[in-house]
Amino acid sequence: MTKHTVAILGPGGTGGLLAALLSRSGHRVICLAREATAETLRGTGIQVRSRHFGDFTAPVEADTELREPVDACLIAVKHTSLDAALTRVPPAALGDALVVPLLNGVEHPAALRTRYRPDHVAPAVIRVESTRLTPGMIEHGSGFIEMDLTGDTTPRPRLDALAAVLSTAGVTTRVLEDETTALWSKMSFLAPFALLTTRYGLPLGEIRTRHREELEALVAETTAVSRACGAPTDPAQALARYDAFPAATKSSMQRDAEAGRPLELDAIGGALLRAADRHGVPVPVTTRLVRELRAAGH
C-alpha cells in the first residue's frame, strides 16, 4: 500500500474519526486546528471509542497551518467556521492535493473553487454519527461511516485512488459520477430533518407523527428544488428513510441549537431558498420555517 499524507482541517467528531482511522491504517495524518487543540493532539494522539471499530488510540501530527504539500486535505469544519478555518490552508502550500469538503449544503464547492484549483476540489458527502467529547477524544456512535466522493472536474483516477485509501481505512467509500446529484441527495434528506427538528425542538420520532403534514410538504418542496437543479430525488424514498430512523434521532443543527452554537441555517435553509428563487420553485413552508428560525435569533 502506498503511504499517503492527508491533512484534516477540523479534527472534531467527523474529522477526528477520519484522522484516527487513516493513521491506524498506516498513513501520515496532519491535523489542522487551533494551537491548544494541536498541542493536545501532538501529545495524546486521537482516542476513539467505537462499537464498530473498537477502542483505539492513533498518533497524528498537528499544526495551526498547512506548511507542506499533501495528497489530500479533508475539510471537516462546519459552514459557520469555514472562512476562518480556510486561513489554515494556504493555496500555495497544498501542492497537488485534492481538497475534499465534507460540508452540508450545496454552495460550498463553487466558493472553494474560487480559492483553490477548481479541478482539485472534490466534494464529498459523509454519513456518520460521531462526536468530539474533548480535543482528541472521539465517540463514534453509528455502526457505519460511509462517504460518497465526487467532483465533476476532478480526474477520475485521483478520486478512485483516494476512495481506495479511505475504504482500506474502514470508510465505506464510493465514487459518484454526478456532483450535483450527490450533493442534492444529501440536501434533500437533510433540510426537512434539520429545519423541523430545530424549529420545534423535538426528535425525529415526534416530528414524523406530530408534524407529519409539514414534513411531507417540506419533502415535496425540497425534492422539487432538487429536480429543478438537475438532481431528481424521490419524495416517497425520503419519507421512508425518515420513518426508518430511530425515534430519538436529532439533527446536528438541533444539537447545535441546544448547545447555543451557531447554526448552519444559511448553508441549509438559505441555500435551499436561493436555489428555489433561481428556478422559480414556490417553497412556502421552507420560507416560513427559515423565517421563524431567524426570528428566534438563529
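The residue numbers shown here count from 1 along each chain, following its written sequence. The predicted origin of the model limits local features to residues at a pLDDT of at least 70 and limits the giving and counting of side-chain atom pairs to 80 or more, whereas totals for whole chains, interfaces and linings rest on all residues. Side-chain numbers here rest on the full set of heavy atoms in the structure, without hydrogens or water.

(A) Structural view of the overall build of the chain. Numbered from the N terminus, helices here are DSSP runs of H or I no shorter than four residues, and strands are runs of E no shorter than two. Within the chain one finds 12 helices and 12 strands. Both definitions apply: the radius of gyration is a C-alpha atom measure, and the globule rule equals 2.2 Å times residues to the power 0.38. For 298 residues, the compact-globule estimate of 2.2 N^0.38 gives 19 Å, and the C-alpha radius of gyration of the chain, at 19 Å, lies within 12% of that figure. Overall, the chain is about 50 × 35 × 30 Å in size when its C-alpha atoms are taken along their principal axes. Buried means the residue's accessible area, taken with a 1.4 Å probe over protein chains only, is under 20% of the maximum for its type, while exposed means over 50%, and partly exposed covers the values in between. The proportion of buried residues among the 298 residues of the chain is 53%. Long-range pairs, those at least 24 residues apart, make up 70% of the contacts in the chain with a sequence separation of at least 6. The Shrake-Rupley method, run with a 1.4 Å probe, gives the accessible areas here. Residue values count only the displayed protein chains as cover. Element-wise, carbon and sulfur atoms account for 52% of the exposed surface of the chain, whose accessible area totals about 12,700 Å². Counting rule applied: Lys, Arg positive; Asp, Glu negative; His and chain ends not counted. Charge positions come from single atoms, namely NZ of Lys, CZ of Arg, CG of Asp or CD of Glu. On the chain, the mean spot of the 33 positive side-chain charges and the mean spot of the 34 negative ones are 3 Å from each other. Here, two residues are considered to be in contact whenever any of their heavy atoms come within 4.5 Å of each other.

(B) Layout of the sheet that holds strand β4 (residues 56-58). When DSSP finds two or more bridges between two strands, those strands count as paired. Taken in spatial order, the four strands make up an open sheet running β4-β3-β10-β9, and their pairing is mixed. Strand pairing shows two members of the sheet lacking a second neighbour, β4 and β9 (130-134), which therefore form its edges. Taking the axes of each pair of neighbouring strands and ignoring which way they run, one obtains an average angle of 25° across the sheet. To obtain an axis, a line is fitted to C-alpha atoms, over the contacting stretch when the element is a helix, and the angle between two such axes runs from 0 to 180 degrees between their N-to-C directions. Helix-sheet contacts for helix α1 (residues 13-24) involve β3 (46-50), β4, β9 and β10 (137-140), and the interaxial angle to β4 is about 85°.

(C) Fine view of the pattern of salt bridges. A pair is scored as a salt bridge if a Lys or Arg side-chain nitrogen falls within 4 Å of a carboxyl oxygen belonging to Asp or Glu. For the structure on display, the rule yields 25 salt bridges. Among the salt bridges present, the one from arginine 28 reaches glutamate 68, with a minimum N-O distance of 2.9 Å. In this pair, arginine 28 is assigned in strand β2 (residues 28-32) and glutamate 68 in the loop between β5 (61-63) and β6 (72-75), connecting sequence segments 40 residues apart. For arginine 28, a relative accessible area of 22% puts it in the partly exposed group. Bridged by salt links that share partners, the residues Glu107, Asp266, Arg274 and Arg294 form one connected network.

(D) Region of interest: the pairing of β2. Burial runs high along β2: four of the five residues are buried. Here five bridges tie strand β1 (residues 5-9) to β2, and the two strands are oriented parallel to one another. Each residue of the ladder has a partner; that of valine 6, found in β2, is valine 29. Taken together, β1, α1 and β2 form a β-α-β motif whose crossover is right-handed. The pairing of β2 with β5 spans three bridges and is parallel. Each bridged residue has a counterpart across the sheet, and for isoleucine 30 the counterpart in β5 is glutamate 61. Crossover handedness is defined by viewing with both strands directed away from the observer: a clockwise path from the first strand over the helix to the second marks the crossover as right-handed.

(E) Highlighting the sheet that holds β2. Read across the open sheet, the five strands follow the order β5-β2-β1-β6-β7; overall the sheet is parallel. Each having just a single partner strand, β5 and β7 (98-101) make up the two edges of the open sheet. Each neighbouring strand pair of the sheet contributes to a mean axis angle of 20°, computed without reference to strand direction. Against the sheet, helix α2 (residues 35-44) makes contact with β2 and β5, and its axis sits at roughly 165° relative to β5, the strand it touches most.

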